[in-house]
Amino acid sequence: NLEIGMKRGEMLRTMAVENWAEYFIGIGRDQNEVFKAKSKFAELDPQNASAFWGDTERLLPSITDRTIDNFFLVLPERSAPVSAEGWASFRAMLSALGKKLVGGGTVRILTDVETDSPVFNELVQIAEQTNFERTSNSRSYFPDGWRDPEFKAGNKPHVIALALK
């Protein structure tokens, strides 16, 4: 299980505690936040989480294909791609993630993007173009009631679960 764009590691730590029989990895860009997350993860029993500092686009190719059960992303509406370049980058990332997933693996996106918005529709369309489909796999992994500080007030967060077709 791998979180892309890990921030403080709090959410990943909660996931690790609630799913102690699984292993969790976070990749974050902020070196100080990754260091803090590693300190928190060291206190886990069992120690089933770790964090790495770096750029996901650079680290992802180093991961062996077909080895990741689940990818986790937090996508606040204000950070959602809106430009052609942003959507192209998102498409490339989803395509790369698909190569790393085991059979039956998922990409799980926690977002506050409203389901009736053009951004949501574009996200789903790009997922379909990169050989993903929405799945009703009920296990979310995300902590119940989790609200990212970047989520827009009043928007209800929800999980988009994607599996390879």
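Worth saying up front: this structure is predicted, and the values here are computed from it rather than measured.

(A) Fine view of the pairing of strand β3 (residues 49–53). Judged from the five bridges that link them, strand β2 (residues 24–28) and β3 form a sheet pairing that is parallel. Paired with G26 across the strands is A51, a residue of β3. Taken together, β2, helix α2 (residues 31–42) and β3 form a β-α-β motif whose crossover is right-handed.

(B) Spatial organisation of the sheet that holds strand β4 (residues 68–75). Strand order in the open sheet made by the seven strands is β3-β2-β1-β4-β5-β7-β6, with mixed pairing throughout. For this open sheet the edge positions go to β3 and β6 (132–134), each flanked by a neighbour on one side alone. Neighbour-to-neighbour, the strand axes of this sheet turn through a mean angle of 25°, independent of strand direction. Bridge analysis of strand β1 (residues 2–4) against β4 gives three bridges, and the strand direction is parallel. Bridging across to β4, L2 finds its partner in F71. Docked against the sheet, α2 engages β2 and β3, running at close to 165° with respect to β3.

(C) Unusual backbone geometry, seen in detail. Look at the link from D45 to P46: it is a cis peptide, with omega at 5°. Tracing the sequence through the fold places P46 in the loop between α2 and β3. Backbone geometry places Y141, a non-glycine residue, at a positive phi of 70°. Within the element layout of this structure, Y141 appears in the loop between β6 and β7 (158–164). For Y141, a relative accessible area of 9% puts it in the buried group.

(D) Up close: the environment of G154. Structurally, G154 can be placed in the loop between β6 and β7. C-alpha separation for the pair G154 and K38, spaced 116 residues apart in sequence, amounts to 32 Å.

(E) A look at helix α1 (residues 10–18). Turning to α1, its buried residues are M11, L12, M15 and A16. Down the axis of α1, the sector holding all buried residues measures 140°, keeping them to one side. Where the residues of α1 are buried, they touch β1, β2, α2, β3, β4 and β5 (101–111).

What counts and what doesn't
- Residues numbered from 1 in each chain as written.
- Predicted model: local features only at pLDDT ≥ 70, side-chain atom pairs only at ≥ 80, totals over all residues.
- Heavy atoms only, no water.
- Pairing = 2+ DSSP bridges.
- Helix = DSSP H or I, 4+ residues; strand = E, 2+ residues; numbered from the N terminus.
- Right-handed = clockwise from strand over helix to strand, strands pointing away.
- Axes fitted to C-alpha atoms, helices over the stretch in contact; angles between N-to-C directions.
- Contact = heavy atoms within 4.5 Å.
- Buried < 20%, exposed > 50% of the residue type's maximum accessible area, 1.4 Å probe, protein only.
- Arc of directions from axis to C-beta.

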